[in-house]
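Residue-level structure breakdown
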Amino acid sequence: MSREPVPPESLYRVCDTSSFDFETTADIGEIHLVVGQDRAVESIQFGMRMASAGYNVFVLGPDGIGKLGAVRHILATEAASRPVADGWCYVNNFEDPQRPCALRLPAGRARRLASDVDHLVDELVTAIPAAFHREEYQARKAEIEEEFQERQHQAVQVLREEAMRQRIALLETPTGFAFAPLGEDGEAINPMHFRELAETEQAHIRETIESLQDRLQKTVSQFPAWFRETREKLKALQRETAQFAVDNLVKTLVDGYHDAPAVLGYLRALRADVIEHAGVFLASGEEGELVQARRNHALAAYKVNVVVDNGEATTAPVVVEDLPSYGNLIGRIEHMAQMGTLITDFTLIRAGALHRANGGYLVLDARKLLTQPFAWEGLKRALNAREIRIESIERTLSLLSTVSLEPEPIPLAVKVVLYGDRMLYYLLAAADPEFADLFKVSADFEDRIERSADSDRALARVLGTVARRHDLRPLDRAAVAAVIEHGARLTQDAGRVTLHLRSLADLVHESDHWAAQAGRGVVTATDVRTAIDRQRYRTERLRKRAQEEIRRGTLLIATAGATVGQVNGLSVVDLGNFSFGQPARITATTRLGEGDVLDIERETELGGPIHSKGVLILTGFFASRYGRGYPLSLSASLVFEQSYGQIEGDSASLAELCALVSALAQVPIRQCYAVTGSVNQLGDVQAIGGVNDKIEGFFDVCAARGLDGSHGVLVPAANVQHLMLREDVVEAARAGRFAVYAVRTFDEAIAILTDLPAGARDETTGSYPAGSVNALIEAALGRYSHQRREFGQNRDGD
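Treat the numbers as computed from the prediction; the structure is a model and nothing was measured.

What counts, and where the lines are drawn
- Residues numbered from 1 in each chain as written.
- Predicted model: local features only at pLDDT ≥ 70, side-chain atom pairs only at ≥ 80, totals over all residues.
- Heavy atoms only, no water.
- Helix = DSSP H or I, 4+ residues; strand = E, 2+ residues; numbered from the N terminus.
- Rg over C-alpha atoms; globule rule 2.2 N^0.38 Å.
- Buried < 20%, exposed > 50% of the residue type's maximum accessible area, 1.4 Å probe, protein only.
- Contact = heavy atoms within 4.5 Å.
- Lys, Arg positive; Asp, Glu negative; His and termini not counted.
- Charge placed at Lys NZ, Arg CZ, Asp CG, Glu CD.
- Patch = residues over 30% accessible without salt bridge, like charges linked within 9 Å, V, L, I, M, F, W, Y side chains within 5 Å.
- Areas by Shrake-Rupley, 256 points an atom, 1.4 Å probe, with all protein chains shown as cover.
- Salt bridge = Lys/Arg side-chain N within 4 Å of Asp/Glu carboxyl O.
- Axes fitted to C-alpha atoms, helices over the stretch in contact; angles between N-to-C directions.
- Parallel < 35°, antiparallel > 145°, perpendicular 65-115°, else oblique.
- Left-handed = near helix turned anticlockwise from the far one by under 90°.
- Nonpolar A, V, L, I, M, F, W, Y, C, P; charged D, E, K, R; others polar.
- Pairing = 2+ DSSP bridges.
- Core = buried A, V, L, I, M, F, W, Y, C linked by side-chain atoms within 4.5 Å.
- Phe/Tyr/Trp six-rings, centres within 6.5 Å; stacked < 30°, edge-to-face > 60°.
- Lys NZ or Arg CZ within 6 Å of the ring centre and 35° of its normal.

**As for the overall build of the protein chain**
Helix and strand content of the protein chain: 28 helices and 29 strands. Taken over C-alpha atoms, the radius of gyration comes to 48 Å for the protein chain, far larger than the 28 Å a tight globule of 798 residues would show. By its C-alpha atoms, the protein chain is 165 × 85 × 50 Å across when sized along the principal axes. Across the 798 residues in the protein chain, those meeting the buried criterion constitute 47%. Here the analysis covers contacts within the protein chain between residues at least 6 apart in sequence; of these, 77% occur between residues at least 24 apart. Positive and negative side-chain charges in the protein chain, numbering 87 and 111 respectively, have mean positions lying 5 Å apart.

Structure below.
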């Protein structure tokens, strides 16, 4: 069994700069920041090119990986091959103003229509009053009015002459008509003289007046009909006059939209409404403020509300909505205060992101979309119905029953791209049955790429592009290599490099800052290392505090000597954007029992389920290796000493197993070592995460106390490919002052920790070599089993 440490060159994989064909990144061209994402790019392109419904795309991956930038780039390319989207506008529905009509026009013509209609209205404001002030109109109007007056006068005159023949006068008073008898002198008889007349004569006069009164009533009853007839004639004259003023102007406008049937229909309706309500255009110079406001509101009925025009676009639209609220997505109907009340009309309809992206692509942040009330439901409703129906949330939820607008829905043809983290995608897929129907394509972004000469050159171009776009100093070859090596460390894998573009870009920016502080015109590897060190310094307060408590003896960690049942385990503290390794003392005790291992962390509810699983596996290991001939008769306790928080993961199971074996066999474990790794029931050591942080955490404790060449860390052999240790750790290993040991099995680990051979079972005798750790364990278990049988016999005898 070899006890040779991992060679120093395997502790850190250096980037080979000989594959670089540049001195600085200023010598290489730009590249789009989409590297190593072939699968995701193909998925997005597939979803965008599929014509069938439901092939929208969900782009999943961690934040900072460049998803949005990649989506923008891909969609810009796709949009360039598609035609410019049509424009849309809302116009007044003259038959039902509560339901405005939507008009579809080629790109750029919606705004042109709005301008043309505004120009038409401006001309009508002048042309219609001019037409009504023409002598011909005034003469015909006067003729109609005189005809009415003459007809009234003639009817009254006939009755007046008939009354005169019967010596009765028809008088006109402020309150109407009245009859009065006439005397011999032709003057009306006053009431006193009338009472002096003979009774027969008075009766005759009364009868005559009553008869004339009946005829007067019949004559006057014809006046309203004559007035209505006259009014209709005047209206017809007004329509004829307005039509004369309107037709030429509208015809000129119609000629420009002969290829747009919907617009022609609207212009015909506009013409009819203007002719019918020509009085709106007849302004008086003495109008009050209220009257003028009402007139302006009436004229607004002839405006065109441009929702989206696309006149300046050269490709299909690509819309990225940063605040995907319900109104910002679907559109909204605004209101304005007038005379103490809120009013609205079709001119207050506002476009949403779906209107602007119609005919193209809409990009949304899934998390922001889901946190906006009703936005997700509104988007799904629009995609399912394939139309944009603008409704207020109150109306959608039936919370209010007030009268509002019901704009005509606009047909929807859009590809939606959502982007978010993987967990969000999985939750939507599991919890929302409509999600799978509407987002049939997933584009899963890689968060790392395999290190190779090709990938190194591609990343060099990415770093150069970042520096060039942000006007930063170029990076030399060594600086590029340092950034790539740091990218590998971020992935915790020497054979991979991160594609987290935000982290790489931040490092380039900070390296440029330190190069400027040093007065250099090019970023060097020194500047990159300085930036990395300062990043760590800004976030390592808690790490320093933990190291300080270990140095002061508050946290008990031994780095010298040998102790039974005690081993240095390793854990990782994750603080979001910073993590660090920290050693932890693990102790074990054994006693006579029934083969169970007590996990104190689990019993106190401080251990997570994976950690508890790892401890239970230890029982399976003991049973499979040592419990073949007799039942296990021990009980054991395991605990992380001075642990006051949650413990999760199985990376300490190898250390726990070693502590148990030490306690059972009474073999001391050398405290100059720390152990990490998980173990299965067969004793194989399995890979764990955070191996670099764990090694460096124990190294820092040992370095603070003084490295003497005995210190080291045992790690799974499968983790050697992940090692990207700090420079000071590698240098200490190269000088022989610190070592990293790769172990594949429990036997290899326990042999290093105890300085005793683990021992292999002899196939002939079935026993382990005397003095080996396995022999000591089997002997201890045999003693426990014998004691248990004796205890049982004594109890039966009693």
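**With respect to a negative patch on the surface**
Together, Glu143, Glu145, Glu146 and Glu150 line one region of the surface with negative charge. Note on placement: Glu150 falls in helix α4 (residues 135-165).

**Points about a nonpolar patch on the surface**
On the surface, Met423, Tyr426 and Leu427 cluster together into a nonpolar patch covering about 330 Å² of accessible area. Mapping Met423 onto the fold places it in helix α15 (residues 422-431).

**What about the packing of helix α23 (residues 609-626) against helix α24 (residues 653-665)?**
Describing two packed helices takes the angle between their axes plus the distance from one axis to the other. Here α23 crosses α24 at 45 degrees, and the two axes come no closer than 10 Å. Taken as axis vectors, α23 and α24 run oblique relative to one another. The interaxial crossing formed by α23 with α24 has right-handed handedness. Taking contact as the criterion, the partners of His611, Gly614, Val615, Leu618, Phe621 and Phe622 in α23 are, on α24, Ser653, Glu656, Leu657, Leu660, Val661 and Leu664. Here the residues of the contact of α23 with α24 sort into eight nonpolar, three polar and one charged.

**Focus on the packing of helix α18 (residues 477-490) against helix α19 (residues 501-517)**
Relative orientation of the contacting elements α18 and α19 amounts to 140 degrees, with a least axis distance of 11 Å. Considered as vectors, α18 and α19 are oriented oblique to each other. As for the relative orientation of α18 and α19, their crossing is right-handed in sense. Judged by residue contacts, Val483, His486, Gly487 and Leu490 of α18 engage Ser503, Leu504 and Leu507 from α19. When grouped by side-chain class, the residues that make up the contact of α18 with α19 number four nonpolar, three polar and no charged.

**Description of the sheet that holds strand β15 (residues 415-420)**
The parallel open sheet is built from five strands, whose spatial order is β7-β12-β15-β1-β16. Every interior strand has two partners, whereas the edge strands, β7 (318-321) and β16 (441-444), have only one. Each strand axis lies, on average, 20 degrees off the axis of its neighbour in the sheet, ignoring direction. Against the sheet, helix α2 (residues 67-80) touches β1 (57-60), β7, β12 (361-365) and β15, its axis set at about 175 degrees to β12.

**Some words on the sheet that holds strand β6 (residues 304-308)**
What holds strands together in a sheet is hydrogen bonding between their backbones, with the strands either parallel or antiparallel. If you trace the three strands from one edge of the open sheet to the other, you get β3-β2-β6, paired in antiparallel fashion. Two strands bound the open sheet, and with one partner strand each, they are β3 (101-105) and β6. Ignoring strand direction, the axes of neighbouring strands in this sheet form an average angle of 30 degrees. Set on the sheet, helix α3 (residues 109-132) makes contact with β2 (87-91), β3 and β6; between it and β6 the angle comes to about 165 degrees.

**A word on the nonpolar core**
Grouped together as the largest cluster of nonpolar side chains are 55 residues, with contacts concentrated most on Ile44, Val57, Val59, Val417, Leu475, Val480 and Val528. Top element by residues in this core is helix α17 (residues 453-469). It accounts for seven residues. Not counting the four nearest positions on each side in its chain, Ile44 is found in contact with Val57, Val59, Val71, Ile74, Ala443 and Phe445. In terms of nonpolar packing, the next biggest core, distinct from the first, is built from 50 residues, Phe622, Ala636, Cys672 and Ala780 among them.

**Regarding the pairing of β16**
Because side chains alternate across β16, one face comprises the buried residues Val441 and Ala443, and the other comprises Ser442 and Asp444, none of which is buried. Relative to β16, β1 runs parallel, the two being bridged by four bridges. Residue pairing across strands places Phe58 opposite Ser442, the latter belonging to β16.

**Considering unusual backbone geometry**
Its identity is not glycine, yet Gln492 carries a phi of approximately 60 degrees, on the positive side. Look at Gln492 and you get partly exposed, because its relative accessible area is 22%. The residue Gln642 is not glycine, and still its phi comes out positive at about 55 degrees. Along the chain, Gln642 turns up in the loop between β23 (634-640) and α24. Owing to a relative accessible area of 29%, Gln642 belongs among the partly exposed residues under this scheme.

**A few points about the packing of aromatic side chains**
Within the structure shown, the criterion is met by 18 aromatic pairs. Relative to Tyr426, the ring of Tyr425 lies with its centre 5.7 Å away and its plane at 70 degrees, an arrangement referred to as edge-to-face. The structure contains a cluster of three or more aromatic residues connected by ring pairs, namely Phe58, Trp376, Tyr425, Tyr426, Phe435 and Phe439. Between the NZ or CZ atom of Arg112 and the centre of the ring of Tyr257, over which it lies, the distance is 5.0 Å.

**Things to note about the side chain of Asp456**
With respect to the secondary-structure elements, Asp456 resides in helix α17. What Asp456 contacts, discounting residues up to four positions off in sequence, is Cys15, Phe20 and Ile484.

**So, the pairing of strand β20 (residues 566-574)**
Where β20 meets strand β21 (residues 579-592), nine bridges bridge the pair, whose relative direction is antiparallel. Residue pairing for β21: Val573 is matched across the bridge by Phe580. The loop that links β20 with its antiparallel partner β21 comprises four residues; one of these, Gly576, has a positive phi angle of about 90 degrees. Of the strand pairs in this sheet, β20 and strand β25 (residues 673-675) are connected by two bridges, and their pairing is parallel. The partner of Asn568 across the bridge, within β25, is Ala674.

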